[in-house]
Amino acid sequence: MAKAERRIHIIRADITNLEVDVIVNPANVSARCGNGVDRAIFEAAGKEELLAERKNKKPLMTRGEVFVTPSFKMAKNNVKYIFHTLSTFWINGNFKEGEIIGDCYRNCLLKAHELGCKSIAFPILGSGSFQFPIDKAFRIAHEQCCAYDRKYGDMNIFLVVYRGVAVEYCETYFSDVKAFVSDEDVRNGISKEYLFSDENFESIICL
């Protein structure tokens, strides 16, 4: 029996450099450029263009909601769309936090399917400033991606880690994490994304 093609990939990379149909952005309620992945995506796509596009639409109000924009300058990497999704803060697990994060993945995957996309890249939603424990955040991501793959099996799905505890977690539990960025690459980019000095590098979790 032929080995099934692997469609769910765990990689260490700068999500803005990937050649995929969809890049998922952990968005803010209002049209503004935040920190971490959000800032990196705004900068890569073209901050003014992306802000203008978001301001033309209604605010993201429903947790798990997905808002689709063009990729603007990221089209040079053949990215077709940026999906902006609104997750939630981790409190203690009793406020449907996991369900909301699950909705983010599920709705993004279904929207990508609807648009005929063949590849999508996610950061590990919730594990940055929203303070989800990385094991819980990753488990939700993996479960939702596997559920989609079992039902449709038509898309390459990338779960992207960049640095900090997420990288450590994935490298501990998954021996085949592909790395496309080094610690030095991360150090060179972190001050721009977070507007912090390099001395804060170890204390910031950025996903």
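Please refer to the structure placed before this passage.
All values derive from a computational prediction rather than experimental measurement.

Student: Teacher, can you tell me more about the environment of Thr 85 here?
Tutor: When you line up the elements, Thr 85 lands in strand S4 (residues 81–85). A relative accessible area of 0% places Thr 85 in the buried class. Sequence spacing of Thr 85 and Val 24 is 61 residues, and the spatial spacing of their C-alpha atoms is 7.3 Å. Each residue touching Thr 85, except ones within four places of it in the same chain, is listed here: Val 24, Asn 25, Pro 26, Ala 27, Gly 64, Glu 65, Val 66, Cys 104, Cys 108 and Leu 125. Of note is the side chain of Thr 85, whose polar atom sits 3.0 Å from the backbone oxygen of Glu 65.

Student: Is there a simple way to think about the state of the cysteines in this case?
Tutor: What we call a disulfide is simply a covalent bond connecting the sulfur atoms of a pair of cysteines. Scanning all chains against the criterion turns up zero disulfides. As a non-bridged cysteine, Cys 104 has Cys 108 as the owner of its nearest cysteine sulfur, 6.6 Å distant. Under the relative-accessibility criterion, Cys 104 is labelled buried at 0%. Counting only cysteine sulfurs, Cys 145 is the nearest neighbor of Cys 146, a cysteine outside any disulfide, at a range of 7.0 Å.

Student: Help me out: how do you make sense of unusual backbone geometry in this one?
Tutor: What you tend to see is this: most non-glycine residues have negative phi, and most peptide bonds are trans. Here Phe 72, not a glycine, exhibits a phi torsion of approximately 50 degrees, which is positive. One can find Phe 72 in the loop between strand S3 (66–70) and S4. Accessibility expressed as a relative area gives 28% for Phe 72, which makes it partly exposed.

Student: Got a minute to help me understand helix H3 (residues 97–114) in this structure?
Tutor: Helical geometry note: an α-helix holds 3.6 residues per turn, so side chains three or four residues apart project in the same direction. Its 18 residues give H3 an end-to-end C-alpha distance of 26 Å, which sits within 8% of 26 Å, the value for a rise of 1.5 Å per residue. All buried positions along H3 are accounted for by Glu 97, Ile 100, Ile 101, Gly 102, Cys 104, Tyr 105, Cys 108, Leu 109 and Ala 112. If you follow the buried residues of H3, they end up packed against strand S2 (22–26), S3, S4, strand S5 (119–123), helix H4 (134–151) and strand S6 (156–161). Downstream of H3 by a residue or two, Gly 116 has a phi angle that is positive, lying close to 75 degrees.

Cut-offs and rules
- Within every chain, residues take consecutive numbers counted from 1 along the sequence as written.
- Totals for whole chains, interfaces and linings use all residues, but because this is a predicted model, local features are given only for residues with pLDDT of at least 70 and pairs of side-chain atoms are given and counted only at 80 or more.
- Based on all heavy atoms of the structure, the side-chain values leave hydrogens and waters out of the count.
- Each helix is a run of H or I in the DSSP string that is no shorter than four residues. Each strand is a run of E no shorter than two, and both are numbered from the N terminus.
- Residue burial is assigned from relative accessible area. The probe radius is 1.4 Å, only protein chains are included, and a residue is buried under 20% of its type maximum, exposed over 50%, and partly exposed in between.
- The contact rule is simple, with two residues in contact once any of their heavy atoms fall within 4.5 Å.
- We call two N or O atoms a polar contact when they sit within 3.5 Å, provided that within protein one can donate a hydrogen and the other can accept it, with sequence-adjacent residues counted only if both atoms are side-chain atoms.
- For this text, the term disulfide refers to a pair of cysteine sulfurs within 2.5 Å.
- Expected span, for any helix, means 1.5 Å times one less than how many residues it has.

Geometric descriptors of this kind do not, in isolation, establish any biological role.
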